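Structural description and commentary
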Amino acid sequence: MLVNQTAVNTLRFLSVEAIQKANSGHPGLPMGAAPTAMALWGNVMKHNPKNPNWANRDRFVLSAGHGSAMLYGLLHMFEYGLTADDLRNFRQWDSKTPGHPELGHTVGVEITTGPLGQGIANAVGFAWAESHMAARFNKPDAKIVDHYTYALCGDGCLQEGVAVEAISLAGTLGLGKLVLLYDSNDITIEGSTEISFTENVGKSFEARGWHVQKVDDGNDIAAITAAIAAAKAVTDRPSMIEVRTIIGFGSPKQGTAAVHGSPLGADGIAAAKAALGWANTEEFFTPQEVKTAMAGWLQAAAIWEAEWNAAADAYKVKYPEDWKQWEIWKSGKLPVDLDNWDEYWQYESNLATRQSSEVVLNKLATVVPNLFGGSADLAPSTLSLMKERKSYSKKTPCGSNLHFGIREHAMTAIANAFAAYGGLRPYVAGFFVFSDYMKPAMRLAALMKLPVVYIMTHDSIGVGEDGPTHQPIEQLASLRSIPGFTVYRPCDTKETAAAWSHALNKTDGPTALVLTRQALPLLPETGKGAYKGAYVLKDDINPATGKPDILLIASGSEVELIYNAQPKLKEAGIHARVISMPSSDVFDSLPCAEKEAVMPKDVRARLAVEAASSYGWHKYTGLDGDVISIDTFGASAPAGKLFEAFGLTVDAVVEKAKAICKK
């Protein structure tokens, strides 16, 4: 498609009319960046709207997600199935055009964006995934993975720390198929960027190993197209193109913050149409010449995919085993039935659950070849390295052990893109307390229902001498509160194996594995029961009542406490049921009858024990129960001393249980 000014103005007015109809949105970016977007989508990018999931399509990420009206305008013009009525329903209930782009909600949206900067990290993830998949599957005479990732960002994106983290890492990795288009207009919500952002952006990218270009006129379609072509020719490093634009171009308030996030108004749209020579007053109008050009472009798009399909057919014949693996990887399914793999469940030693995870991970690495992950410079502590695998680097893109550097936020946002890309089973690792740095991207993983696995170690005051800055207290409650997010805090190696199995078999959301620094006993009763989220380890029924006197409930390292408290309570004449609850959200999802079998409603004496905030536990303990927890920050001391000082001991459990039973 030869993009011209008519096509650009079509996109501009489709966008601002959608915003006007909603009386809500951000017209500044679409008016200024429409030439850049049209040059990319119409002149350069290879994609096929008739098959939005074509494996070898170029990916586009709108990091400046507030400009979603422009993306919806593109999807409408390029016939991804969005109608003019969908544009009319912009930002309305049950529409296909929400306020910010959402993966799985609107066909053609590659990933959910909106929180500024995350889209840049997502784009890095897409390019990284492409590089690894190409290294794994391409042959000297056959390329089935060969595409680019493009992202559009603004001044605001580049001020976010997650973007800086990702930009730095992309330069280090030399991701040559990543092109970032920077809509440079010197305006943010509060006004001119002079008040907060005066750095030389081009020089900062160069310092981080990027190829940099600048287009001085953001309306020069030919110059933008040429710059993208030049960026594609640079294959040893990522590219940034600064396109100088005027926010809200053509509108009465162009060049000001006033046009960033407020509709133009009917008079403003009329004035913009007059200024840009757009004579037609019909809303959501696409001229016939644009439709004709688009029809020709769609024919070219079909040819791109047909050529790839032919190449894939030849690949199947010449490399059948590799193609079989390709199909397994792309299916998203595990190539092994973990439940019936006996070796997977065989363990003997008492280990810290971070060590348990390492053992389990390395078993999995032998049978799940598309495991792809690493840590934020903490692999020796999180024990998240696959020992028989190579590390990914610019020189070894076939490696699947990843080194993110000390960049927790970018790491987590990049992992979202790995999962959204398809074919890879991503995991990332860090200290649990630093999930606070990861939380924005974790939340988006849950929103997008992406199966990312988080190895979160050093899970409590068991961290010990590092002190309260490194001892998680409220983080468990925080992650448990995220809709669709699974948290597992296993008590031993078998529960850790169950947690990993659950995480890898879950395809509709993320899972955090919250693991200890200190060693825990391997309990004989643990195992696949952990799949239910909570289950009975030991039971002592009062013969007089036919039920236990009290329910003892715990997760992780505190299961040992309630396990050892039960016989002491029995000596005192109290019959206790010991319940391990590695995942409260999984338990909550069970049918009522299954939950009742574990926690009978008529047993109201209950005690929950966890070395973290009590928040959330009272729904299990009720009015007659209690919680042993930590609702203050920790302290710097050896772990054993801390557990004693904070009342997390067997004797404390026994005394509290006695007190509850006396009520």
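To be clear, the structure that these remarks concern was listed above.
Residues numbered from 1 in each chain as written. Predicted model: local features only at pLDDT ≥ 70, side-chain atom pairs only at ≥ 80, totals over all residues. Heavy atoms only, no water.

1. So, the nonpolar core
Trp41, Trp128 and Tyr454 are the most contacted members of the largest nonpolar core, which has 136 residues in total. Those residues in contact with Trp128 that sit more than four places away from it in its chain are Leu169, Leu173, Leu175, Phe372, Tyr392, Leu402, Phe404, Ile414 and Phe418. The next biggest cluster of nonpolar side chains, apart from the first, holds 62 residues, and it includes Ala365, Leu513, Phe643 and Ala657. (Core = buried A, V, L, I, M, F, W, Y, C linked by side-chain atoms within 4.5 Å. Buried < 20%, exposed > 50% of the residue type's maximum accessible area, 1.4 Å probe, protein only. Contact = heavy atoms within 4.5 Å.)

2. Quick word on the pattern of salt bridges
Scanning all chains against the criterion turns up 28 salt bridges. Across the pair Glu79 and Lys50 runs a salt bridge, and its minimum N-O distance is 3.5 Å. With Glu79 in the loop between helix H3 (68-77) and helix H4 (84-88) and Lys50 in the loop between helix H2 (28-44) and strand S1 (59-62), the pair connects residues that are 29 residues apart, well separated along the chain. Assessed through its relative accessible area of 37%, Glu79 is described here as partly exposed. The closest approach of N and O atoms between Arg577 and Asp539, which form a salt bridge, is 2.8 Å. Within this pair, whereas Arg577 is found in strand S18 (residues 576-580), its partner Asp539 is found in the loop between strand S16 (535-538) and strand S17 (550-554), the two being separated by 38 residues in sequence. On the accessibility criterion, Arg577 (8% relative accessible area) is buried. Salt bridges here are not isolated pairs; linked through shared partners, they connect Asp459, Arg480, Arg489, Glu558 and Glu610. (Salt bridge = Lys/Arg side-chain N within 4 Å of Asp/Glu carboxyl O. Helix = DSSP H or I, 4+ residues; strand = E, 2+ residues; numbered from the N terminus.)

3. Thoughts on the pairing of S1
Taking every second residue as pointing to the same face, both faces of S1 are buried, with Arg59 and Val61 on one and Phe60 and Leu62 on the other. Bridge count between S1 and strand S2 (residues 149-154): four bridges; the pairing is parallel. Opposite Arg59, over in S2, you have Thr149 as the bridge partner. (Pairing = 2+ DSSP bridges.)

4. Focus: the sheet that holds strand S7 (residues 239-244)
Read across the open sheet, the five strands follow the order S1-S2-S3-S7-S6; overall the sheet is parallel. Edge strands, defined here as strands with exactly one partner in the open sheet, are S1 and strand S6 (211-215). Along the sheet, successive strands turn relative to each other by an average axial angle of 20 degrees, direction set aside. Pairing of S2 with strand S3 (residues 178-184) involves six bridges; the strand directions are parallel. Within S3, the residue paired with Gly154 across the bridge is Asp183. (Axes fitted to C-alpha atoms, helices over the stretch in contact; angles between N-to-C directions.)

5. Examining the sheet that holds strand S20 (residues 626-628)
Spatially, S16-S18-S17-S19-S20 is the arrangement adopted by the five strands of the open sheet, whose pairing is mixed. The sheet is open, and its two borders are formed by S16 and S20, each paired with just one other strand. Adjacent strand axes in the sheet meet at a mean angle of 30 degrees, parallel and antiparallel pairs treated alike. Where S16 meets S18, three bridges bridge the pair, whose relative direction is antiparallel. Residue Lys538 lies in a different strand from S18, and its bridge partner there is Val578. Docked against the sheet, helix H24 (residues 650-662) engages S17, strand S19 (606-609) and S20, running at close to 155 degrees with respect to S19.

6. Concerning the side chain of Ser460
Here Ser460 shows up in the loop between strand S12 (453-457) and helix H17 (475-480). The contacts of Ser460, once residues within four sequence positions are left out, are Gln471, Pro472, Arg489, Gln518, Ala611 and Phe643.

7. Considering the packing of aromatic side chains
Enumeration over the complete set of coordinates arrives at 29 aromatic pairs. Geometrically, the ring pair formed by Phe137 and Trp326 is edge-to-face, given 5.3 Å between the ring centres and 90 degrees between the ring planes. Placement of the pair is Phe137 in helix H5 (residues 118-137) and Trp326 in helix H12 (residues 320-331), with a sequence separation of 189 residues. Neither residue differs from the other here; Phe137 and Trp326 are each classed as buried. Relative to Tyr437, the ring of Phe434 has its centre 5.6 Å away and its plane inclined at 20 degrees; by these criteria the two rings are stacked. A relative accessible area of 18% means that Phe434 is categorised as buried. Taken together through their ring pairs, the aromatic side chains of Trp41, Phe60, Phe78, Tyr80, Trp297 and Trp304 make up a single cluster. Residue placement shows Lys139 over the ring face of Tyr319; its charged tip is 5.2 Å from the ring centre. The ring of Tyr148 has Lys177 sitting right over it, with the charged end atom 5.8 Å from the ring centre. (Phe/Tyr/Trp six-rings, centres within 6.5 Å; stacked < 30°, edge-to-face > 60°. Lys NZ or Arg CZ within 6 Å of the ring centre and 35° of its normal.)

8. Quick notes on the packing of H5 against H12
Packed helix pairs are characterised by how far apart their axes lie and by the angle those axes make with each other. Running from N to C, H5 and H12 point in directions that differ by 150 degrees, and their axes come no closer than 11 Å. When the interaxial angle is binned, H5 and H12 end up roughly antiparallel. Facing H5, whose interface residues are His132, Met133, Arg136 and Phe137, H12 presents Asp322, Gln325, Trp326, Trp329 and Lys330. For the contact of H5 with H12, the per-class residue count stands at four nonpolar, two polar and three charged. (Parallel < 35°, antiparallel > 145°, perpendicular 65-115°, else oblique. Nonpolar A, V, L, I, M, F, W, Y, C, P; charged D, E, K, R; others polar.)

9. Points about helix H18 (residues 493-505)
Compared with the 18 Å implied by 1.5 Å per residue over 13 residues, the 18 Å span of H18 between its first and last C-alpha is a close match. Burial runs high along H18: 12 of the 13 residues are buried. Those residues of H18 that fall on the buried side of the exposure criterion are Thr493, Lys494, Glu495, Thr496, Ala497, Ala498, Ala499, Trp500, Ser501, His502, Ala503 and Leu504. By the N-cap criterion, in which a side-chain oxygen at the helix start approaches the backbone nitrogen of a residue two or three places on, H18 is capped by Asp492, the distance to Lys494 being 3.2 Å. (Expected span 1.5 Å × (residues − 1). Polar contact = N/O pair within 3.5 Å; in protein donor to acceptor, adjacent residues only side chain to side chain.)

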